[in-house]
Amino acid sequence: MALGSTIGVGLFLGSASAIQIAGPSILLGYLLAGIVAFIVLRSLGEMAVHEPVAGSFAAYANTYVGPLAGYMVGWGYWTYWIVVGIAEVTAVGIYMDIWFPDIPQWIWALSSIVMMGLINLIAVKVFGEFEFWFALIKVVAIVAMIALGGAVILFGFTNDWQPLGLSNLWQHGGFFPNGIGGMLLSLQMVLFAYVGIEMIGLSAGEAENPQKTIPMAIDSLAWRILIFYLGAILVILAIFPWNEVGQQGSPFVVMFERIGLREAAGLINFVVITAALSSCNAGIFSGGRLLYALAQNGYAPSPLAKLSQYGVPHRAVIVTVAVCMSGVVLNYFVPDKAFQYIMAAVTFVGLMVWIAILFTQMQFRRSLSPTQIAGLGYRAPWWPYSSWFALAFIFLVVVLMGMHEDARMALILGPCLLGVYLLMFYIVGLHRKTANRREFKS
C-alpha cells in the first residue's frame, strides 16, 4: 500500500508543474527529496523495530513526546489522507477531461469519491483486492514506460532508429534554465510526491517478524520509489524539451503522443486514472482507520469506534468520505487552480507529520541508555546529523512555500487547522484523560 499510494498523482500529474518551474534540474530535486524521505523512513523504522506497536508514529509521539503530540499527529495524519483523497479525485477530473472535455471536472471528482467510499464500506477483502490490482497496473505501467522511453533514447525506436540521447537535458536553457532558485521553488511540489511513504510504519504492530520485515520493506521501498521517480522523469525530459510540458493532462500521456504512439497514450491515460483512484482508495481506507483509532483512544467521538458486521469502521469511513466531499466544492469553483491548492495543502500537512517523526525519534534516542542505543537492531544512518539535515531541508521547503503564490494559502490554513485541533484537545479535556495514557491503539 505504501508503494501504491506514493506512486500516484504526485508523479503522474504533479511532476508537470514541478518541471515547468525547475526544468531538467527537477531531477536533482527528486534526488534530494528522495534522500530526505529515506532518512524519515529509517528514523521511523528505528523505532518500529525496537518497539513494534499498532498506531506507529502516533503511538511513538504519545509515548516519547506526550499525549498532546500523539493527539496532534493522529489528527494531522487523518487530515493528510483527507487531502490526499481530494487531490487524487481532482487529478481524475483533469485526466478525464482528455476524453470528455465537455463534462465539468467536479462531476468526475464527485463520482470518484462516491465509488471509492462504497468500496471501502463493503469489506476489507474487497478493498485489498481493488488496491492490489490498482497498484499492480501502475507499477507495471511505469516499468513499461521507462523501458520504452529507454529504447527511444538509446536506440531510436519510433524515431527512424535515430537515438534521441540526453541532449534535451541541457539544450533548452541549460540544466538550470530558471537558476538554482527554480529548482528550490519546485521542492514543495517534489516532496508532495514522496509524502505518504511513511505509511509503511502503520503495519509495524501487525508484522509477523518486524525485526526482519520492517527493515527489508523500508530499504527496498526507498530505492524502488527513487528509481521509479528518477527513471520516469529522466525519460520524459530526454524525449521532449522541458518547456513543452503543459499543465493540462499528464506528461506521461503527452510523452507517448510525442513519440507517435497515440493508442498507447490512451492506455496510459487509463493507467494514470487508476493510479489516482488507487491513492484515493488508500486515502479513504487509511483515513477511516485513523479516525477509528482516534475514537478508540478517546481522541474522537466514541460513536466512530463502532465496526460494521463486516469488520469495517463504517462510521469513520463515512465521515472521512463526507469531509472529502469538500474537494468537489473546490473543483466546482476553482477547477483550474484546485490541484495546485490541494497539492500545497497535502505537502504542508505531510511535512508536519515528517517533522513529528524526526522529533519523536530524537526524543526516543534520548530516552535510551548508551547500552540500549548500541543494541538497536536497525538504526537511522549518520544520526544525529541525518535527522538535523532532514529537518533543515523540510523547514527550507516550508519557507519556500511562502514564496509560491499557490502554496502560500496552505501556510495560512495549515497552522489554523493545527490551532483548531489544539483547541479541541483542551476544550474536551483530553489533556486530562490522556495524562496517564502510554499506549495508542490502532
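Above this text is the structure in question.
Focus: the overall build of the chain
Logical step 1: Counting its regular elements, the chain contains 20 helices and 0 strands.
Logical step 2: Across the chain, the fraction of contacts at a sequence separation of at least 24, relative to all contacts at a separation of at least 6, is 80%.
Logical step 3: When the accessible surface of the chain is split by element, carbon and sulfur atoms take 68% of a total near 17800 Å².

A look at the nonpolar core
Logical step 1: Counting residues in hydrophobic clusters, the biggest one holds 126 residues, and the most contacted among them are Ile26, Trp75, Tyr194 and Trp354.
Logical step 2: A total of 17 residues in this core trace back to one element, the largest contributor, which is helix α6 (residues 67-96).
Logical step 3: For Trp75, the residues in contact, after removing those within four places along its chain, are Leu291, Leu294, Tyr299, Ala300, Tyr421 and Met424.

With respect to the packing of helix α4 (residues 26-50) against helix α10 (residues 187-194)
Logical step 1: Remark: α4 packs on α10, axes separated minimally by 9 Å, with the N-to-C direction vectors making an angle of 50 degrees. The angle between α4 and α10 places the two elements in the oblique class. Relative to α10, α4 is oriented so that their crossing is right-handed. Together, Ile26, Gly29, Tyr30, Ala33, Gly34 and Ala37 of α4 and Leu187, Val190, Leu191, Ala193 and Tyr194 of α10 make up the contact between the two elements.

Side note on a nonpolar patch on the surface
Logical step 1: A contiguous nonpolar surface patch, about 610 Å² in accessible area, is contributed by Ile98, Trp99, Phe100, Ile103, Ile107, Leu267 and Phe270.
Logical step 2: Within the secondary structure layout, Phe270 lies in helix α13 (residues 262-296).

Parameters at a glance
Residues numbered from 1 in each chain as written. Predicted model: local features only at pLDDT ≥ 70, side-chain atom pairs only at ≥ 80, totals over all residues. Heavy atoms only, no water. Helix = DSSP H or I, 4+ residues; strand = E, 2+ residues; numbered from the N terminus. Contact = heavy atoms within 4.5 Å. Areas by Shrake-Rupley, 256 points an atom, 1.4 Å probe, with all protein chains shown as cover. Core = buried A, V, L, I, M, F, W, Y, C linked by side-chain atoms within 4.5 Å. Buried < 20%, exposed > 50% of the residue type's maximum accessible area, 1.4 Å probe, protein only. Axes fitted to C-alpha atoms, helices over the stretch in contact; angles between N-to-C directions. Parallel < 35°, antiparallel > 145°, perpendicular 65-115°, else oblique. Left-handed = near helix turned anticlockwise from the far one by under 90°. Patch = residues over 30% accessible without salt bridge, like charges linked within 9 Å, V, L, I, M, F, W, Y side chains within 5 Å. Salt bridge = Lys/Arg side-chain N within 4 Å of Asp/Glu carboxyl O.

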